[in-house]
Amino acid sequence: MKNKKLEANLSMAVSKVFSGLNMNALKYLLPLWMSPLTGATLRCTFAAAAFWVIGWFMPPEKSSAKDKWLLFLLGALGLYGFMFLYLAGLSKTTPVSSSIFTSLQPIWVFLMMIFFYKEKATTKKIIGISIGLIGALVCILTQQSDDLASDAFTGNMLCLLSSVVYAVYLILSQRILTAIGAITMLRYTFSGAAVSAIIVTFITGFDAPVFSMPFHWTPFLILMFVLIFPTTISYMLLPVGLKYLKTTVVAIYGYLILIVATIASLALGQDRFSWTQTFAIIFICIGVYLVEVAESKER
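Residues numbered from 1 in each chain as written. Predicted model: local features only at pLDDT ≥ 70, side-chain atom pairs only at ≥ 80, totals over all residues. Heavy atoms only, no water.

Another aspect to go through is the UniProt feature "domain: EamA" (unreviewed entry) in the protein chain. Following the UniProt record, one finds the feature "domain: EamA" (unreviewed entry) at residues 10-139 and 154-291. Taken end to end, residues 10-139 has its terminal C-alpha atoms 31 Å apart, with 80% of it in helix and 0% in strand. (UniProt positions renumbered as here; feature names shortened; annotations may be inferred. Helix = DSSP H or I, 4+ residues; strand = E, 2+ residues; numbered from the N terminus.)

Take the side chain of Ser-196 next. Here Ser-196 is to be found in helix α8 (residues 182-204). Those residues in contact with Ser-196 that lie beyond four places of it in its chain are Ala-76 and Tyr-80. (Contact = heavy atoms within 4.5 Å.)

Turning our eyes to something else, we now look at the environment of Ala-261. Locating Ala-261 in the fold gives a position in helix α10 (residues 247-268). Counting along the chain gives 34 residues from Ala-261 to Leu-227, while the straight-line C-alpha distance between them is 18 Å. Excluding anything up to four places from it in sequence, Ala-261 contacts Gly-20, Met-23, Asn-24, Pro-95, Val-96 and Ser-99.

Moving on to the packing of aromatic side chains. Under the defined criterion, the tally for this structure stands at 16 aromatic pairs. For the ring pair Phe-211 and Phe-220, a centre distance of 6.4 Å and an interplane angle of 70° mean the geometry is edge-to-face. Counting every residue linked through ring pairs, the aromatic cluster contains Phe-206, Phe-211, Phe-215, Trp-217 and Phe-220. (Phe/Tyr/Trp six-rings, centres within 6.5 Å; stacked < 30°, edge-to-face > 60°.)

Before going further, it helps to spend a moment on the side chain of Asn-22. Secondary-structure assignment places Asn-22 in helix α1 (residues 2-29). The contact partners of Asn-22, leaving out residues within four places of it in the chain, are Arg-43, Tyr-86, Val-226 and Pro-230.

Assignment of secondary structure puts Gln-174 in helix α7 (residues 152-177). By relative accessible area, which is 52% here, Gln-174 ends up exposed. Separated by 15 residues in the primary sequence, Gln-174 and Cys-159 place their C-alpha atoms 22 Å from one another. (Buried < 20%, exposed > 50% of the residue type's maximum accessible area, 1.4 Å probe, protein only.)

A separate point is the confidence of the model for the protein chain. Of the residues in the protein chain, 94% have a pLDDT of 70 or more, and the chain-wide mean is 86. Mean pLDDT across the elements of the protein chain ranges from a minimum in helix α11 (residues 275-298), with 76, to a maximum in helix α2 (residues 36-56), with 96. (pLDDT = per-residue confidence, 0-100.)

Another point: helix α3 (residues 65-90). With 26 residues, α3 extends 36 Å between its outermost C-alpha atoms, agreeing within 8% with the 38 Å of an ideal straight helix rising 1.5 Å per residue. Its axis deflected by about 40° at Gly-75, α3 carries its strongest bend there. (Expected span 1.5 Å × (residues − 1). Bend = angle between axes of the 7 residues up to and from the residue.)

This is how it looks when you write it as structure tokens:
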């Protein structure tokens, strides 16, 4: 069991580091080398193909036709909706700001559990949610558009909405995951997302100068990094951490996204140091921690 927990901790750490670097890589690509819609299509279709191939080498997992269709629809609406909104938002704001809203996902999950599943709203949860939302509001209302963020307010709102959509996806997929295996879930949710993405791209057009001639190796290699590591490997590692680690530990690893994205953004010149962003990060970390601690004690 000790080795399993060590493996889970390592898996979660690697997954979150990739997620943090993913924001910086995508910021480089969007919208100059590909549009947000095309970016979502590339990520969904690549991951869907990768998970089907990987699944051929894994032990078979039991699942019903109903479960598969539910996962497919969940991917077509929830996963694709999250990816498109996230990429559209990131193309207009900075990686640090987008990571701030990504870290809000646990708060949205608990809010939905309170309102739709009648989960108990304890004092600690309410305080944590309030502190986290204050941090988000500070980021939304104080960040100005500049050369690094073409439309900060719109970008931040899209990133905020994407975190809400992903929270819905997490709640629904977790309920199905109790009865099926992780690879089955990844196969069918990403297949659904890929179908939605291809349909939308067929209507709107494929916009990816990264593939134009003369060939551009730097953006192409960055795109490959996004498709292989944050999109495929990161999603495969998550179930390992979720299976063996406590909720509070998983939430704390989520802070790695903020840390990695902030350090990389400042080093690459994709963001500038801001006291308001620092304030927002601290408040959201405190808020998420309080909510997770309250949930852990109830369990």
